[in-house]
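# Overview (structure and organization)
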2 protein chains.
Amino acid sequence: MGYPREQSIQQATEVFWLKGYLGTGMRDLQTALDKRPGSIYAAFGSKEGLYLEVLNHYTDVLHGQIMAVANSDTPLQQLREFLRFPLAVDHSAAHKIQCLIVKTQADWAELPEGVKSELQAALAHLRKAFEAVILKVRSTGELAADTPVERAAMWLQGQFIAMRTLATSVDSPASLSWMVDKIVSDLSGEWTE
Amino acid sequence: MGYPREQSIQQATEVFWLKGYLGTGMRDLQTALDKRPGSIYAAFGSKEGLYLEVLNHYTDVLHGQIMAVANSDTPLQQLREFLRFPLAVDHSAAHKIQCLIVKTQADWAELPEGVKSELQAALAHLRKAFEAVILKVRSTGELAADTPVERAAMWLQGQFIAMRTLATSVDSPASLSWMVDKIVSDLSGEWTE
DNA sequence: GTTAAATTTGAGCGATCGTTCAATTTAATC
DNA sequence: GATTAAATTGAACGATCGCTCAAATTTAAC
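Definitions and cut-offs
Residues numbered from 1 in each chain as written. Chains lettered and ligands numbered in written order. Predicted model: local features only at pLDDT ≥ 70, side-chain atom pairs only at ≥ 80, totals over all residues. Heavy atoms only, no water. Least-squares fit on C-alpha atoms with pLDDT ≥ 70 in both. Contact = heavy atoms within 4.5 Å. Near = heavy atom within 4 Å. Polar contact = N/O pair within 3.5 Å; in protein donor to acceptor, adjacent residues only side chain to side chain. Nonpolar A, V, L, I, M, F, W, Y, C, P; charged D, E, K, R; others polar. Buried area = accessible area lost by both parts, 1.4 Å probe. Salt bridge = Lys/Arg side-chain N within 4 Å of Asp/Glu carboxyl O. Helix = DSSP H or I, 4+ residues; strand = E, 2+ residues; numbered from the N terminus. Buried < 20%, exposed > 50% of the residue type's maximum accessible area, 1.4 Å probe, protein only.

Turning our eyes to something else, we now look at the relation of the copies chain B and chain A. For the pair chain B and chain A, the relating rotation is 180°, the translation along its axis is 0.0 Å, and the fit reaches an RMSD of 0.0 Å. These values place the two chain copies in the arrangement generated by a two-fold rotation axis. When C-alpha positions in chain B are compared against the rotation axis, the closest is assigned to Ala162(B), at 2.5 Å. Of the residues that chain B buries at the interface, 100% are likewise interface residues in chain A, meaning the two copies contact each other through the same surface.

Structure, rendered in structure tokens:
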């Protein structure tokens, strides 16, 4: 049995997602991973190193979900489901509604340089996936052919952030499902060049 | 010369806005206010107490700005300017782009109970101001009379958050001014009940 | 000028932070 | 089973955290 990296990364994701980068202490991680400090440092080097692996894994999963939308035959319908999903998470896991990347970005001024650059890279990477979605929806004819791809992708990322941020400050996130319809509707709206 | 509360609150706002609630230490505040710990504790009781006054003042200012939009004779035009404003802040003050409330919300799980409830209250208070804007724009006929006020207000708050969050992760915030047009345009878009 | 009250000072408290590393336990090899 | 290598342990380090309070200073009153 080698060191359970994947399991540790998932457990650490839980903690960072709940408490944020600054709010998470090594002792929180030691408890969550059921490992003593030496083991964690042998495996990940530092708190920052562990967080970077968490961020990478998180970004990969999210990127995969968005690309699945882009690669679907019914991208608009899949986009709906993708956007709707976080509105249905259990109340006990409410912290999972907010995007981990956006959450960490809030601590910007206090983050190690390595974390800052990876966060920027992650946002840009995800934006590329949103671009793929826009391109696909355009190719199916469900979206005007002259819709500006980069702007629409950034706008979509913004809507994603807005919905998830609002959902964390509301009693019943599910009551925001009308916003999904609004987003899909506005996607086909005006895009003045 | 009594204790300079207002000045201290403004100086503390700078620090909290830059570093966040968790990221700000009492020593940061001592430096910024040029006060020794005892004075700060005599005036504000605790770090939380000082932050709550900062939050209150910040919320009041922002609420006033939004209400000024609502009370204007040309609310839609004023809304444009209100939304556009943070895109023009100096690069050296980039941290002021993001909303202080949203920023603090990111540390949710680690915040004192008193801060949590005040954040919720601040968001709700500002949403009321957004409602006033929607009502006013509706009354001028620039917006359909059947536009759902509560939803539109929450949506507008979401767009506000989205724009400010995206603007912090982009090289030139001013390049996002197209998003202001998109928001104003979508405001008159579909609102399926 | 004297006294009393109010304010400010700053050394330092106990707790917690991220991290280290000598010592120990576990796994692998012959 | 003996030997070596690899992985894990956990006490403890220096730094920093929010905060306290006796002492010093400033302000107010007569």
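Here we take up the protein's contact with DNA strand D. As a structural note, the neighbourhood of DNA strand D is formed by 15 residues, with Ser39(A), Met26(B), Arg27(B), Tyr41(B) and Lys47(B) the closest of them. The backbone of Thr24(B) places a nitrogen or oxygen atom 3.0 Å from a phosphate oxygen of DNA strand D. One of the side-chain N or O atoms of Tyr41(B) is found 2.7 Å from a phosphate oxygen in DNA strand D. Across the surface near DNA strand D, the residue classes tally to 5 nonpolar, 6 polar and 4 charged.

For the rest of this paragraph, the subject is the interface of chain B and chain A. At the junction of the two partners, chain B supplies 38 residues and chain A supplies 38 residues. Surface buried jointly by chain B and chain A totals about 3200 Å² across both partners, of which 61% is contributed by carbon and sulfur atoms. For the pair chain B and chain A, the number of links is 2 salt bridges. In this structure, Glu110(A) and Lys19(B) form a salt bridge, with 3.8 Å as the shortest nitrogen-oxygen distance. Counting residues per element, the ones that place at least two in the side of chain B that touches chain A are helix 1 (5-23), helix 6 (100-105), helix 7 (113-139), helix 8 (149-167) and helix 9 (177-187) of chain B. By residue number, the principal contributor to the side of chain B that touches chain A is helix 8 of chain B, which donates 10 residues. For the side of chain B that touches chain A, a count of residues per class yields 16 nonpolar, 12 polar and 10 charged.

Around DNA strand C there are 16 residues in total, and Met26(A), Arg27(A), Tyr41(A), Lys47(A) and Ser39(B) lie nearest to it. Take the atoms of DNA strand C that sit within 4 Å of the protein: sugar and phosphate atoms are 52% of them. In this structure, a base oxygen belonging to DNA strand C sits 2.8 Å away from a side-chain N or O atom of Arg27(A). Contact distances for DNA strand C include 2.6 Å between a phosphate oxygen and a side-chain N or O atom of Tyr41(A). Looking at the surface near DNA strand C, the elements with two or more residues in it are helix 2 (26-33) and helix 3 (37-44) of chain A together with helix 3 (37-44) of chain B. Its residues assigned to classes, the surface near DNA strand C comprises 5 nonpolar, 7 polar and 4 charged.

Residues and elements named next belong to chain B. Structurally, the position occupied by Ser8 is in helix 1. On the accessibility criterion, Ser8 (1% relative accessible area) is buried. Here the side chain of Ser8 touches Tyr3 through a polar contact of 3.3 Å, side chain to side chain. Once residues lying within four places of it in the same chain are set aside, the contact partners of Ser8 are Tyr3, Leu33 and Phe44.

By themselves these figures say nothing about function.
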